[in-house]
Amino acid sequence: MIQFEHVNKWYKKYHALNDICGEVRQGEVLVVCGPSGSGKSTMIRTINKLEDIQSGAIRVQGQCISDQGVDINRLRARIGFVFQQFNLFPHLSVKDNIALSPVKVGGMSRRQAYELAEELLQKVGLRDKLDAMPANLSGGQQQRVAIARALAQKPPLILFDEPTSALDPEMVGEVLGVMKNLAAEGMTMVCVTHEMNFAREVADRIWFMDRGEILEDTTPAEFFSHPRHERARKFLADIIH
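Thresholds applied
- Residues numbered from 1 in each chain as written.
- Predicted model: local features only at pLDDT ≥ 70, side-chain atom pairs only at ≥ 80, totals over all residues.
- Heavy atoms only, no water.
- Pairing = 2+ DSSP bridges.
- Helix = DSSP H or I, 4+ residues; strand = E, 2+ residues; numbered from the N terminus.
- Core = buried A, V, L, I, M, F, W, Y, C linked by side-chain atoms within 4.5 Å.
- Buried < 20%, exposed > 50% of the residue type's maximum accessible area, 1.4 Å probe, protein only.
- Contact = heavy atoms within 4.5 Å.
- Axes fitted to C-alpha atoms, helices over the stretch in contact; angles between N-to-C directions.
- Parallel < 35°, antiparallel > 145°, perpendicular 65-115°, else oblique.
- Left-handed = near helix turned anticlockwise from the far one by under 90°.
- Nonpolar A, V, L, I, M, F, W, Y, C, P; charged D, E, K, R; others polar.
- Phe/Tyr/Trp six-rings, centres within 6.5 Å; stacked < 30°, edge-to-face > 60°.
- Lys NZ or Arg CZ within 6 Å of the ring centre and 35° of its normal.

**Remarks on the sheet that holds strand S1 (residues 2–11)**
At step 1: Strand order across the open sheet formed by 4 strands is S2-S1-S4-S5, with antiparallel pairing between neighbours. Among the strands making up the open sheet, the edge pair consists of strand S2 (14–24) and strand S5 (63–64).
At step 2: Here S1 pairs with S2 via 7 bridges, running antiparallel. The residue of S2 that forms the bridge with lysine 9 is leucine 17.

Have a look at this one:
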């Protein structure tokens, strides 16, 4: 589904991504973890070209996203993205937030898009919030709406960039529950998160990053019981502590 081939990115002299290589297979749940500033969010944002790279290649379903002629809007329509801060349009109702992309990018009629919005809100447990405005929702509810919006184009792949880090602790579980259900349905997912219980229970693979490098690419069982790299061992010790 996704291939990273010697991907590098700099912010001026700062080497944010250092020779990233790896792949995510169809139906796989990849959790990306590591200390703050390790390049996790930068890496995930390169997949749909929210961040450009300076060298290497990224392929999504076999297509190099940097090729000339790639329609960036069509590319992003195939890749769901859930942001840390929800990023709902505050002036649009919940149903209009979800319907916007299917209508504007997918060419769907507004009636069909509203039916889809209702179906997706049912999926995330918010059927009764169809006409609500984002400001009247809790953080957990807003994030679940954001997940429904990311699913609206029926993408084969969905990316989560620290989706629970802006939530109060009591709201984290409701968002992780929706993510677990998506994983159980076979959705290909890349999740940047510090939720280690989620990583242990749901991930197929874990990438541990530090200083722009992937230091561990392994299974949850191996990562939590026998981390190979000293930085990974320190990270897990700090999290557990």
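Additional details are given in the paragraphs that follow.
**Some details on the nonpolar core**
Burial of nonpolar side chains together is a common tendency in soluble globular proteins.
At step 1: By size, the foremost hydrophobic cluster in this structure holds 51 residues, and its most contacted members are Ile98, Ile147, Phe160, Met179 and Met189.
At step 2: Looking at this core element by element, the count peaks at 8 residues for helix H6 (residues 169–184).
At step 3: Residues within four places of isoleucine 147 in sequence aside, it is in contact with Val82, Val124, Phe160, Val175, Val178, Met179 and Leu182.
At step 4: Residues Met1, Val60, Ile79 and Trp207 belong to the second largest nonpolar core, which totals 26 residues.

**Overview of the packing of helix H5 (residues 139–151) against H6**
Packed helices, taken two at a time, are described by the angle between their axes plus the distance between the axes.
At step 1: At their nearest, the axes of H5 and H6 sit 8 Å apart, and the two run at 20° to each other. Compared by their axis directions, H5 and H6 come out roughly parallel. For the pair H5 and H6, the sense of crossing is right-handed. Residue-level inspection shows Gly139, Gly140, Gln141, Gln143, Arg144, Ile147 and Leu151 of H5 in contact with H6, the latter providing Met171, Glu174, Val175, Val178, Met179 and Leu182.
At step 2: The residue inventory of the contact of H5 with H6, partitioned by class, reads 7 nonpolar, 4 polar and 2 charged.

**What about the packing of aromatic side chains?**
At step 1: Summed over the entire model, instances satisfying the criterion amount to 5 aromatic pairs.
At step 2: On the basis of an interplanar angle of 70° and a centroid distance of 5.8 Å, the ring pair of phenylalanine 4 and tryptophan 207 is categorised as edge-to-face. Linking phenylalanine 4 in strand S1 with tryptophan 207 in strand S9 (residues 205–210), this pair joins segments that are 203 residues apart in sequence. Of the two residues examined, phenylalanine 4 and tryptophan 207, each falls in the buried class.
At step 3: Taking 4.5 Å as the distance between ring centres and 40° as the angle between the ring planes, the aromatic pair formed by phenylalanine 81 and phenylalanine 83 counts as tilted.
At step 4: Among the residues examined, phenylalanine 81 registers a relative accessible area of 9% and is labelled buried.
At step 5: Grouped by ring-pair contacts, the aromatic residues Phe208, Phe223, Phe224 and Phe235 constitute a single cluster.
At step 6: Across from the ring centre of tyrosine 114, 4.6 Å away, lies the NZ or CZ of lysine 95, which sits over that ring.

All we've got here are geometric facts, nothing functional implied.
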